[in-house]
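Residue-level structure breakdown
Letter by letter, the chains look like this.
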Amino acid sequence: MGGEPEHDDGVRPLLRKFDQRLTELIRAVYPDEQQRPGYARLAREISAATGGSISGTYLWELATGKKRNISLEQLDVLAQFFGVPPEYFLNEEVSQRVKAQLALATALRDARVRSLALRAAGLSPASLDSLLTIVNETRKAQNLPEVGDQEAGHGRRGRRKGDGPAAEGATQPDTEER
């Protein structure tokens with residue numbers, strides 16, 4: 001009554017994508033799977049960076065969808081650590097905006113992408129349009145997915161005090177074993 005309807009999987013829509021969104025943040029901050037920390041180490045890093053408390057087991061359960069009962073305090077701790085607004089986990093529009101910004105940050109890790117962007121700065125609008133056409137056609141030829149004209153980087157991110165690794169875009173993990 002009055003709540004959000006449940007779907008076939010028995011999970012309320014608000015919580016359906018929580019695990020996916022958390023996993024995407026972890027992958028964005030730690031793109032190298034070989035150096036990605038295990039959940040126990042990641043939980044320690046989160047606690048150290050935010051002063052909040054979360055266990056490695058609970059973090060794993062959230063990331064795999066085994067648990068969905070996150071408290072507002074833990075939601076805020078995760079948002080603070082990853083440098084995203086808490087709404088990222090709960091709101092599709094905010095999630096899409098943050099994903100576009102994460103995609104941009106991920107792309108800019110590649111020195112060649114940065115070099116291309118820097119060299120394109122200052123070109124006329126017609127020249128930029130020509131370059132975009134070339135890049136889009138090259139992506140099609142390589143069977144890469146289309147990239148929309150997202151406004152990544154063109155707005156406030158809703159970042160909070162102590163912006164975390166996702167906000168910085170290039171934090172590297174230490175090499176402790178998983």
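Structure first, text after, so check above.
Residues numbered from 1 in each chain as written. Predicted model: local features only at pLDDT ≥ 70, side-chain atom pairs only at ≥ 80, totals over all residues. Heavy atoms only, no water.

1. A few points about the nonpolar core
If you look at the biggest cluster of nonpolar residues, it comprises 28 residues, and the most contacted ones within it are Leu22, Leu78, Phe82 and Phe89. Those residues within four positions of Leu22 in sequence are excluded, and the remaining contacts are Leu59, Leu62, Ala63, Leu78, Phe82 and Phe89. (Core = buried A, V, L, I, M, F, W, Y, C linked by side-chain atoms within 4.5 Å. Buried < 20%, exposed > 50% of the residue type's maximum accessible area, 1.4 Å probe, protein only. Contact = heavy atoms within 4.5 Å.)

2. Some thoughts on unusual backbone geometry
One non-glycine residue, Asn143, adopts positive backbone phi at about 55°. In this structure, Asn143 sits in the loop between α8 (125–141) and α9 (165–168). (Helix = DSSP H or I, 4+ residues; strand = E, 2+ residues; numbered from the N terminus.)

3. Observations concerning the pattern of salt bridges
Here the structure, examined in full by the defined rule, presents six salt bridges. Glu92 is the partner of Lys17 in a salt bridge, and the nearest nitrogen-oxygen pair spans 3.3 Å. Residue Lys17 is located in the loop between α1 (13–16) and α2 (18–29), and its partner Glu92 is located in helix α6 (residues 92–107); the two are separated by 75 residues in the primary sequence. On the accessibility criterion, Lys17 (34% relative accessible area) is partly exposed. Close ionic contact of Lys140 with Glu137 constitutes a salt bridge, the shortest N to O distance being 3.3 Å. Taken together, the residues Lys140 and Glu137, both in helix α8 and three residues apart, mark about one turn of the helix. When salt bridges that share partners are traced, they join Lys17, Arg21 and Glu92 into one network. (Salt bridge = Lys/Arg side-chain N within 4 Å of Asp/Glu carboxyl O.)

4. Overview of a nonpolar patch on the surface
On the surface, a cluster of nonpolar side chains totalling about 310 Å² of accessible area is made up of Leu123, Leu128, Leu131 and Ile134. With respect to the helices and strands, Leu131 occurs in helix α8. For Leu131, a relative accessible area of 35% gives the class partly exposed. (Patch = residues over 30% accessible without salt bridge, like charges linked within 9 Å, V, L, I, M, F, W, Y side chains within 5 Å. Areas by Shrake-Rupley, 256 points an atom, 1.4 Å probe, with all protein chains shown as cover.)

By themselves, these figures tell us nothing about what the structure is for.
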